[in-house]
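# Notes for the structure review
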Amino acid sequence: MASIHEPVMGTYLQLQITARTETAAAAAEATILEAVARLEAAFTRFGPDSDLCRWRDGRAEAPSPELAGLLGLAASWHERSAGAFHPVTAALTARWQQAEDDGVEPIDDELRALVAAVATLPFAVRDDGSVERLGECADVDVHALAKGHVVDLVAAAALDAHELDRLVVNAGGDLLHRGAGVLRVGIEDPHRAYDNVPPMLRIEVADRAVATSGSARRWFAIGDERASRVLDPRTGRPVHRVVGHGGGRRRRDGRCPGDDLHGRRTRRGGRAGRIARPGAECLVIERDGTEHRSPGWSDLEV
């Protein structure tokens with residue numbers, strides 16, 4: 001069976017479920033939809049009574065186990081990326097939104113002050129999974145990781161509870177394939193991000209997740225200039241060099257494309273080699289068209 005549901009997590013949720021009977025497929029669909037609704041309500045920053053909001057403002061002394069797991073992922077990627085991924089960037093984003101309204105970019109001193117204010121995370125995740133509050137957590141935002149994490153969790157819930165031959169979960173471009181066969185995925189050309197343009201390339205994945213991101217479709221319009229909405233929390237400025245990246249991962253250990261888009265080149269795999277982690281591959285596309293492939297990315301292309 002195949003179905004599309006929206007709005008879910010601010011986007012659409014597309015399911016492809018293959019089981020021995022239609023009844024079994026429908027039961028798996030119901031499990032997924034229930035889990036998505038529960039997790040979205042837990043992780044959202046827009047619902048004042050979500051697990052995230054209750055923990056951020058101190059109404060909940062400790063986060064729920066599921067939120068603690070997501071905070072653990074956020075802290076892990078903050079460390080792995082040397083700060084390129086940061087779950088506390090609300091002030092930076094707000095400042096660039098204001099710059100869009102004013103038509104003038106913020107000055108360096110102001111950005112340096114905003115960066116310094118979030119130099120360290122206001123929470124720490126201990127070895128036992130508990131979360132310790134170290135400072136003001138009102139601006140902690142896990143949305144950058146939440147969608148992919150929810151896809152992982154709901155797929156696991158469906159596969160644990162039901163006998164399925166194949167499952168594909170697509171939440172607005174965060175894709176996960178499990179089971180029989182392969183999934184063919186088109187990668188959009190970030191320099192020609194139009195719906196009527198064919199993909200720049202296609203990949204085939206099996207038992208992997210795929211995600212893409214970039215600045216081709218969204219930006220800050222400041223005067224006559226466009227600035228990427230992807231901000232580097234280490235400088236406070238938009239990332240202009242990279243326009244798109246995507247990749248596939250095998251394990252449920254974080255988003256596969258990675259977050260360190262400004263790391264030094266390495267001998268093997270260049271910039272993409274630094275981004276990719278064991279079990280993950282990626283393609284990074286720079287503004288001038290230069291492409292960086294991790295060592296195993298080409299094996300996915302068809």
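Refer to the structure presented above.
Attention in this report is confined to the structure presented alongside it. Values in this document were obtained by computation on a predicted structure and should not be read as measured data.

The subject of this paragraph is the packing of aromatic side chains. Pairs of aromatic rings are described using the distance from one ring centre to the other and the angle between the two planes. Throughout the structure, instances matching the rule amount to two aromatic pairs. The interplanar angle of 85 degrees and the centroid separation of 6.0 Å between the aromatic rings of Trp 55 and Phe 123 together place this pair among those described as edge-to-face. Within this pair, whereas Trp 55 is found in helix α2 (residues 51–56), its partner Phe 123 is found in strand β3 (residues 123–125), the two being separated by 68 residues in sequence. With respect to burial, Trp 55 and Phe 123 carry one shared label: buried. A cation over an aromatic ring shows up here: Arg 226 above the ring of Trp 219, its NZ or CZ 3.7 Å from the ring centre.

Right, let's get into the packing of helix α1 (residues 22–43) against helix α6 (residues 143–161). Close contact between α1 and α6 brings their axes to 9 Å; oriented N to C, the two are set at 150 degrees. Compared by their axis directions, α1 and α6 come out roughly antiparallel. As for how α1 packs across α6, the hand of that crossing is right-handed. Along the contact surface, α1 presents Ala 28, Thr 31, Ile 32, Ala 35, Val 36, Leu 39 and Phe 43, while α6 presents His 143, Ala 146, His 149, Val 150, Leu 153, Val 154, Ala 157 and Ala 158. Here the residues of the contact of α1 with α6 are counted per class, giving twelve nonpolar, three polar and no charged.

Let us look at the pairing of strand β11 (residues 225–228). Of the strand pairs in this sheet, strand β10 (residues 219–222) and β11 are connected by four bridges, and their pairing is antiparallel. When the sheet's bridge partners are listed, Ala 221 is paired in β11 with Arg 226. Counting the residues that bridge the hairpin from β10 to β11 gives two residues, and of these Gly 223 lies at a positive phi of roughly 65 degrees.

Its location among the elements puts Cys 53 in helix α2. Measuring from C-alpha to C-alpha, the distance between Cys 53 and Asp 139 comes to 9.5 Å, with 86 residues separating the pair along the chain. Among all residues touching Cys 53, those that are not within four sequence positions of it are Thr 44, Arg 45, Gly 47, Pro 48 and Arg 59.

Reading the values: the criteria
Residues numbered from 1 in each chain as written. Predicted model: local features only at pLDDT ≥ 70, side-chain atom pairs only at ≥ 80, totals over all residues. Heavy atoms only, no water. Phe/Tyr/Trp six-rings, centres within 6.5 Å; stacked < 30°, edge-to-face > 60°. Helix = DSSP H or I, 4+ residues; strand = E, 2+ residues; numbered from the N terminus. Buried < 20%, exposed > 50% of the residue type's maximum accessible area, 1.4 Å probe, protein only. Lys NZ or Arg CZ within 6 Å of the ring centre and 35° of its normal. Axes fitted to C-alpha atoms, helices over the stretch in contact; angles between N-to-C directions. Parallel < 35°, antiparallel > 145°, perpendicular 65-115°, else oblique. Left-handed = near helix turned anticlockwise from the far one by under 90°. Contact = heavy atoms within 4.5 Å. Nonpolar A, V, L, I, M, F, W, Y, C, P; charged D, E, K, R; others polar. Pairing = 2+ DSSP bridges.

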